[in-house]
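Okay, here's what each chain looks like letter by letter:
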Amino acid sequence: MTRAVRTPAGFRPVLAVALVLTLVAGGFAAWAGRDWYAAAHDDSAAYAAERDRALAAGEQAVQNLNTLDHRRVDQGLDLWESSTTGDLHRQLVDGREEFAGQVEAAKTVTKARVLSGAVTELDDRAGRARLLVALRVTVTTPDAKSTEKDSRMLAELTRTDGRWKLSGLGQAPVGGTATG
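Attention here is on the structure that accompanies the text. (Residues numbered from 1 in each chain as written. Predicted model: local features only at pLDDT ≥ 70, side-chain atom pairs only at ≥ 80, totals over all residues. Heavy atoms only, no water.)

1. Regarding the side chain of Thr108
Argument step 1. One can find Thr108 in the loop between α5 (96-106) and β2 (109-123).
Argument step 2. When sequence neighbours within four positions are dropped, the list of residues in contact with Thr108 reads Leu68, Asp69, His70, Val103, Val139 and Thr140. (Helix = DSSP H or I, 4+ residues; strand = E, 2+ residues; numbered from the N terminus. Contact = heavy atoms within 4.5 Å.)

Written out as structure tokens, the structure is:
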């Protein structure tokens, strides 16, 4: 003997399943929306973006200041000046004529290529950053001979008018120090 299963009057299984699925989808949407909002307003994401902007600007500025063609000295020195700020900028402006004369007399072409770089310090609020940049500099002499030199530079950046500019540049020490 088989018995029929009776359902309460007005109960519709399809409607019940649809209601449960709607509640689950709404809960998922609320959870995903909360996570998205938290990620969009997270200070660490903004800090990382600023670090990346400082790194890109710093690498480009270090490359600019290690690249100069005697046939286009004024264009190269203009690029140097537009890449810098502060005391470094004043030094470049003040020594421009003398330096241009030296490069034109030597008739050299210097081209730099950044190999890698890293932000070693970033103070986003103060608008200051420090970088370590490894680069390869190729110097071509008038007789078309070239030499390559790898170097590491320590760069200081200052944010000016919303842009990162080079405010200090020097050689990074190579190798360790003697102990004992």
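2. Things to note about the pairing of strand β3 (residues 128-140)
Argument step 1. Bridge analysis of β2 against β3 gives 13 bridges, and the strand direction is antiparallel. Pairing of Ala118 across the sheet is with Leu132, part of β3.
Argument step 2. From the end of β2 to the start of β3, which pair antiparallel, there are four residues, and Gly127 there has a positive phi angle of about 75°.
Argument step 3. Note that β3 and strand β4 (residues 146-160) share 13 bridges and pair antiparallel. Residue pairing for β4: Ala134 is matched across the bridge by Arg152.
Argument step 4. Joining the antiparallel neighbours β3 and β4 is a turn of five residues, in which Ala144 adopts a positive phi near 70°. (Pairing = 2+ DSSP bridges.)

3. Quick look at the pattern of salt bridges
Argument step 1. By the definition in use, this model includes 16 salt bridges.
Argument step 2. Across the salt bridge formed by Asp35 and Arg34, the nearest N and O atoms sit 3.2 Å from each other.
Argument step 3. Overall, the relative accessible area of 33% leaves Asp35 in the partly exposed class.
Argument step 4. Residue Arg72 pairs with Asp69 through a salt bridge whose shortest N-O separation is 3.2 Å.
Argument step 5. When its relative accessible area of 46% is taken as the criterion, Arg72 is described as partly exposed.
Argument step 6. Through salt bridges that share partners, Glu50, Arg53, Asp124 and Arg159 make up one connected network. (Salt bridge = Lys/Arg side-chain N within 4 Å of Asp/Glu carboxyl O. Buried < 20%, exposed > 50% of the residue type's maximum accessible area, 1.4 Å probe, protein only.)

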